[in-house]
Amino acid sequence: MKKTINRKAELLETARNIIQRVGVNAMSYADLSKIIGITTASIHHHFPRKEDLILSLIAQSREIYGNKFQEIVGSDLTSIEKLQTIAGLYEQGVRMGKMCLIGILSTEFATLGDDVRAALNVSASETIGTFARAVQMGIDAGEIAPGKRSSREIAQAFHSTLLGAQIQARCSGNLGAFENSVEVFIESIRKK
């Protein structure tokens, strides 16, 4: 029996892998063609423009990671454990030599089209909103000290810490830099 290949899924997976390692501006349809072994015309059949491919990747990430984050936030873990578990997903990327797709695309924000920029903003906002739910649960449970900040502001800082820690760990080649940044952030919000 002949194995059916889902080219669109294969293209998305390959493009994601390349972009998370080298960035969107360093990835071309010629790269995808060479790795997958199809013509660039075949790629254009699925994704007429590079922007179409990027938008599909963002939508896919929103679904995959949005569901993972929701599952973690809805779990029976403490709020601190929820944030640590979320951080663990970002740490896995660092261990594989990859950056968060949304984070790496955001570093190239100025070179992206308006539709991609808007999709990135929506994705980041949704992610921060989910993190804010975990933070608010922690505030309500007395695990997290809000200080003068809202749960959304704390969640924004957490998201920024995760993305910045990935960059720092990648540049230094030191996974400990990621772990340390997350630990310092968690300790700064933990109720004493």
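What this report covers is the structure whose coordinates are included nearby. Owing to the predicted nature of the structure, the values given are computational and were not obtained by experimental measurement.

Along the backbone of the chain there are 9 helices and 0 strands. Its helices and strands in sequence order give the chain the pattern α-α-α-α-α-α-α-α-α, from N to C terminus. Once the C-alpha set of the chain is aligned to its principal axes, its extents read approximately 60 × 40 × 35 Å. When burial is assessed residue by residue, the chain has 42% of its 192 residues classed as buried. Residue pairs in contact within the chain that sit at least 24 positions apart in sequence constitute 68% of those at least 6 positions apart. Averaging the locations of the 23 positively and 20 negatively charged side chains of the chain gives two centres separated by 3 Å.

Attention now moves to the nonpolar core. Among the nonpolar cores identified, the biggest contains 55 residues, and L32, L53, I86, Y90, L105, F158 and L162 are the most heavily contacted of them. For this core, the secondary-structure elements that each account for two or more residues are α1 (7-22), α2 (29-36), α4 (50-73), α5 (79-95), α6 (101-107), α7 (114-140), α8 (151-172) and α9 (175-189). Setting aside anything within four residues of it in sequence, one finds L162 in contact with I86, A87, Y90, F131, F178 and V182.

Tallied over the full model, the rule gives 8 salt bridges. Across the salt bridge formed by R95 and E179, the nearest N and O atoms sit 3.5 Å from each other. Of this pair, R95 sits in helix α5 while E179 sits in helix α9, and the two are 84 residues apart along the sequence. Under the relative-accessibility criterion, R95 is labelled exposed at 55%. Between E153 and R149 there is a salt bridge; the shortest N-O distance is 4.0 Å. Looking at E153, the relative accessible area reads 40%, which means it is partly exposed.

Right, let's get into the packing of α7 against α8. Interaxial distance between α7 and α8 falls to 7 Å at its minimum, and their mutual angle equals 120 degrees. By the angle class used here, α7 and α8 are oblique. Relative to α8, α7 is oriented so that their crossing is right-handed. Only S151, R152, I154, A155, Q156, F158, H159 and L162 of α8 make contact with α7, whose side of the interface consists of A124, S125, T127, I128, G129, F131, A132, V135, Q136 and I139. A per-class count over the contact of α7 with α8 returns 10 nonpolar, 7 polar and 1 charged.

Quick notes on the rules
- Residues numbered from 1 in each chain as written.
- Predicted model: local features only at pLDDT ≥ 70, side-chain atom pairs only at ≥ 80, totals over all residues.
- Heavy atoms only, no water.
- Helix = DSSP H or I, 4+ residues; strand = E, 2+ residues; numbered from the N terminus.
- Buried < 20%, exposed > 50% of the residue type's maximum accessible area, 1.4 Å probe, protein only.
- Contact = heavy atoms within 4.5 Å.
- Lys, Arg positive; Asp, Glu negative; His and termini not counted.
- Charge placed at Lys NZ, Arg CZ, Asp CG, Glu CD.
- Core = buried A, V, L, I, M, F, W, Y, C linked by side-chain atoms within 4.5 Å.
- Salt bridge = Lys/Arg side-chain N within 4 Å of Asp/Glu carboxyl O.
- Axes fitted to C-alpha atoms, helices over the stretch in contact; angles between N-to-C directions.
- Parallel < 35°, antiparallel > 145°, perpendicular 65-115°, else oblique.
- Left-handed = near helix turned anticlockwise from the far one by under 90°.
- Nonpolar A, V, L, I, M, F, W, Y, C, P; charged D, E, K, R; others polar.

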